[in-house]
Amino acid sequence: MSNLEAISPISPTPVSEVASWEAESDVVVVGYGCAGASAAIGAMEGGASVTILERAGAGGGASAMAGGEIYMGGGTPIQKACGFDDTPQAMFDFLMAATGPSPNEEKLSVYCDRSVEHFHWLVECGVTFKPSFYATPCWEPPTDDGLVYTGGENAWPFSDLVPPAPRGHVPQIQNKRLLERSGGWELMRHLSATVDKGGAAVRPDTRVRSLIVDDGKVVGVIARSFGQDFAIRARRGVVLASGGFAANKDMVERHVPAIAGQMALGTDGDDGTSIRLGQGVGAMVAHLDAAEAALPSNPPLVYPSLLVNQFGQRFINEDTYCGRIGQMAVFHQQGRCSLVLDEAIFESVPEAERWGARPTYVAATLAELEEEMSLPTGSLQATVETYNRFAREGRDPVFHKRQEYLRPLEAPYGGIPLDGPYATFTLGGLVTTIDGEVRGANGSPIPGLYGAGRATWGIPSWGYASGTSLGDGTFFGRRSGRAAARS
Ligand SMILES: Cc1cc2nc3c(=O)[nH]c(=O)nc-3n(C[C@H](O)[C@H](O)[C@H](O)COP(=O)(O)OP(=O)(O)OC[C@H]3O[C@@H](n4cnc5c(N)ncnc54)[C@H](O)[C@@H]3O)c2cc1C
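Residues numbered from 1 in each chain as written. Predicted model: local features only at pLDDT ≥ 70, side-chain atom pairs only at ≥ 80, totals over all residues. Heavy atoms only, no water.

Caption draft 1: Layout of the environment of Glu54. With respect to the secondary-structure elements, Glu54 resides in the loop between β3 (50–53) and α3 (61–65). Residue class for Glu54 comes out buried when judged on its relative accessible area of 9%. With 18 residues separating them along the chain, Glu54 and Gly36 place their C-alpha atoms 9.3 Å apart. Other than its neighbours up to four places away in sequence, Glu54 contacts Gly31, Tyr32, Gly59, Arg203, Pro204, Asp205 and Thr206. (Helix = DSSP H or I, 4+ residues; strand = E, 2+ residues; numbered from the N terminus. Buried < 20%, exposed > 50% of the residue type's maximum accessible area, 1.4 Å probe, protein only. Contact = heavy atoms within 4.5 Å.)

Below is the structure:
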């Protein structure tokens with residue numbers, strides 16, 4: 001049973017209850033991740049004074065932990081330098097197919113049309129992208145290469161629909177340390193420097209607890225710092241950018257139970273506060289049941305292997321984006337699947353790229369392996385027999401895996417259970433216009449309220465591609481700040 005308090009809308013504070021304003025600025029930004037930083041920069045570009053309120057001791061959020069892939073395309077200089085043709089239309093067509101069902105067509109349209117412009121804006125903020133392509137399938141390049149496939153663009157079914165192009169742009173960083181100090185950290189370093197240069201007031205250790213409303217308009221926030229509550233006035237607007245809700249166990253259980261018990265990727269700040277603050281003033285929300293879910297394995301091992309569910313059957317092409325595989329496994333296979341491979345495949349994957357994985361089960365025959373893995377009798381044998389028959393002909397009529405990853409399995413065989421934990425974060429949130437205005441229940445913007453990043457429904461609706469989170473956070477973050485400054 002969910003704790004109702006943790007999932008309920010947060011009621012706003014009427015301005016009549018505010019005795020005094022502790023501080024004020026044109027725009028107040030809640031949360032200092034990539035979306036908050038970009039909103040602050042956008043607002044300052046629009047001539048507004050800005051205060052950023054951050055609950056942690058410093059900015060960064062999940063953004064600073066990220067691999068740093070930023071989904072951009074349509075013919076960026078990096079794509080061109082690496083020899084890839086891309087157009088805004090191809091990018092749009094891919095994202096329409098890959099981020100649904102029910103993709104955010106309005107946002108996708110402006111996001112793709114202005115993607116090259118966004119690339120140049122990030123470069124102006126100081127982010128460097130090396131014009132080199134990392135070809136090995138990966139979660140994020142271990143090198144400083146600047147371009148990588150991050151969404152299964154070159155795999156079925158998308159490769160049949162749209163000419164593939166890689167769009168994961170990775171900030172170049174010296175002494176990269178994966179999962180510690182990677183592209184996201186570098187992105188935030190430059191966005192923060194730009195925030196500082198613009199003169200925004202940054203207040204760490206300050207947690208926003210409620211919105212202040214005056215006759216239906218959001219005019220400020222109540223925040224708490226070291227036990228003291230105070231009011232901060234926003235003359236033009238408040239931007240909600242405090243991330244998603246993967247760390248709010250009750251919200252996860254209520255809205256997206258398929259990922260309950262899996263690993264929440266991000267920070268404790270991902271507790272859904274922005275979403276609940278918005279709901280408290282009547283905001284519309286969407287796709288709260290959507291989440292990214294990373295398969296707990298490394299793509300170089302997954303691509304040439306077979307992936308089977310608890311019934312010994314394949315359920316997806318193994319050579320696609322492993323976040324897509326993870327979603328299919330968590331949402332459609334109860335988070336239970338296994339890699340099935342043979343000795344030759346295992347040995348063909350460099351040790352560093354196996355991430356320490358070793359077969360839990362090893363057997364001389366498929367019948368034996370199937371029994372050890374507690375799969376239904378005959379199921380794995382039938383799956384491998386079909387796979388092998390067509391692999392020998394260089395094709396996969398079931399899931400259309402690319403020929404380069406197709407190889408018939410031969411004894412001895414191995415099985416590696418991938419029952420979790422899947423690293424997850426939520427994708428749904430406040431419904432906003434393309435300028436970040438938060439829509440109320442009737443669809444009209446709520447005066448004075450803006451939102452961006454994982455607190456909102458952005459580029460991913462259900463389907464995900466790596467880079468769309470930092471991508472929409474920075475892109476719509478900046479637009480929301482600019483719109484707030486204009487209001
Ligand atoms: C290991 C890892 C790898 C990832 N790799 C990628 C990748 O390569 N590409 C990609 O696109 N995405 C990636 N992601 C996802 C991506 O990092 C996040 O979805 C994205 O950064 C969210 O940005 P945001 O600005 O909305 O939220 P955040 O970056 O989380 O920022 C929100 C901020 O708000 C603060 N906050 C929360 N509540 C309050 C409050 N009440 N008052 C004040 N402040 C508050 C938080 O402390 C936090 O600093 C990755 C995530 C992780 C953890």
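Caption draft 2: Molecular detail of the sheet that holds strand β17 (residues 413–417). Ordered by their spatial adjacency, four strands build an open sheet running β14-β15-β17-β16, and the pairing between neighbours is antiparallel. Only two strands of the sheet have a single partner each, and these edge strands are β14 (306–309) and β16 (361–363). The mean angle between the axes of side-by-side strands here comes to 25 degrees, regardless of whether they run parallel or antiparallel. Looking at chain direction, β16 and β17 are connected through three bridges and run antiparallel. Bridged to Tyr361 within β17 is Gly415. The strands touched by helix α16 (residues 379–391) within the sheet are β14 and β15 (337–342), with β14 carrying the most contacts at an inclination of about 150 degrees. (Pairing = 2+ DSSP bridges. Axes fitted to C-alpha atoms, helices over the stretch in contact; angles between N-to-C directions.)

Caption draft 3: Main features of the environment of Ser487. Along the polypeptide, Ser487 turns up in the segment after α17 (468–486). The sequence separation of Ser487 and Val27 amounts to 460 residues, and the corresponding C-alpha distance is 9.9 Å. Each residue touching Ser487, except ones within four places of it in the same chain, is listed here: Arg236 and Tyr450. Within the structure, the side chain of Ser487 is placed 2.8 Å from the backbone oxygen of Arg236, a separation counted as a polar contact. (Polar contact = N/O pair within 3.5 Å; in protein donor to acceptor, adjacent residues only side chain to side chain.)

Caption draft 4: Fine view of the layout of surface pockets. Of the pockets and cavities examined, the second largest pocket occupies roughly 220 Å³. Lining the second largest pocket are 20 residues, and of these Ala135, Pro137, Tyr149, Asn154 and Tyr303 sit closest to its centre. For the lining of the second largest pocket, a count of residues per class yields 12 nonpolar, six polar and two charged. No fewer than three residues from each of domain 1 (1–295 + 424–487) and domain 2 (296–417) sit in the lining of the second largest pocket. (1 Å grid on protein atoms, 1.4 Å probe; cavity = no way out; pocket = protein on both sides within 12 Å on 5 of 7 lines; lining within 4 Å. Points joined across faces, edges and corners; volume = space filled by probe spheres on them. Nonpolar A, V, L, I, M, F, W, Y, C, P; charged D, E, K, R; others polar. Domains from an automatic or database assignment.)

Caption draft 5: Representation of the state of the cysteines within the structure. All told, the structure shown has zero disulfides when counted by the stated rule. Not part of a disulfide, Cys34 finds its nearest cysteine sulfur in Cys125, a span of 12 Å. Not engaged in a disulfide, the cysteine Cys112 finds its nearest cysteine sulfur in Cys34; these two sulfurs lie 17 Å apart. (Disulfide = S-S within 2.5 Å.)

Caption draft 6: Representation of the pattern of salt bridges within the structure. Applying the stated criterion across every chain, the model contains 26 salt bridges. Across the pair Arg236 and Asp26 runs a salt bridge whose closest N-O atoms are separated by 3.4 Å. Note that Arg236 is positioned in strand β10 (residues 228–240) and Asp26 in strand β2 (residues 23–30), a separation of 210 residues in sequence. A single network of salt bridges, built from pairs that share partners, joins Glu24, Asp26, Arg233, Arg235 and Arg236. (Salt bridge = Lys/Arg side-chain N within 4 Å of Asp/Glu carboxyl O.)

Caption draft 7: The site of the ligand, seen in detail. The ligand sits among 37 residues. The nearest are Glu54, Ser63, Glu69, Ser469 and Leu470. At 3.0 Å from an oxygen atom of the ligand is found a main-chain nitrogen or oxygen belonging to Ala35. One of the backbone N or O atoms of Ala62 is found 3.0 Å from an oxygen atom in the ligand. Coverage of the ligand by the protein chains reaches 95% of its 1000 Å² of free accessible surface. Where the shell around the ligand is concerned, the elements lending two or more residues are α2 (34–45), α3, β8 (207–214) and α17. Examining the composition of the shell around the ligand, we find that four residues originate from one element, α3, more than from any other. Partitioning the shell around the ligand into residue classes produces 14 nonpolar, 17 polar and six charged. (Near = heavy atom within 4 Å. Areas by Shrake-Rupley, 256 points an atom, 1.4 Å probe, with all protein chains shown as cover.)

Caption draft 8: Summary view of the pairing of strand β9 (residues 217–225). The buried fraction of β9 amounts to seven of the nine residues, a majority that puts the element mostly inside the structure. In the sheet, β8 pairs with β9 via seven bridges, with the strands oriented antiparallel. Each residue of the ladder has a partner; that of Val208, found in β9, is Ala223. In this antiparallel pair of consecutive strands, β8 and β9, the connection spans two residues, and Asp215 shows a positive phi of 55 degrees.

Caption draft 9: A look at the domain arrangement of the chain. The domain boundaries assigned to the chain delineate domain 1 (1–295 + 424–487) and domain 2 (296–417). On the side of domain 2, 28 residues touch domain 1, which itself brings 28 residues to the contact. Summed over both partners, the interface of domain 1 with domain 2 buries about 2300 Å², with 65% contributed by carbon and sulfur atoms. The largest contributions to the domain 1 side of the interface with domain 2 come from Trp139, Trp156 and Leu295, which together make up 37% of the buried area. Inspection of the domain 1/domain 2 interface yields zero salt bridges. Linking domain 1 with domain 2 are eight residue pairs in polar contact (both at pLDDT 80 or more). (Buried area = accessible area lost by both parts, 1.4 Å probe.)

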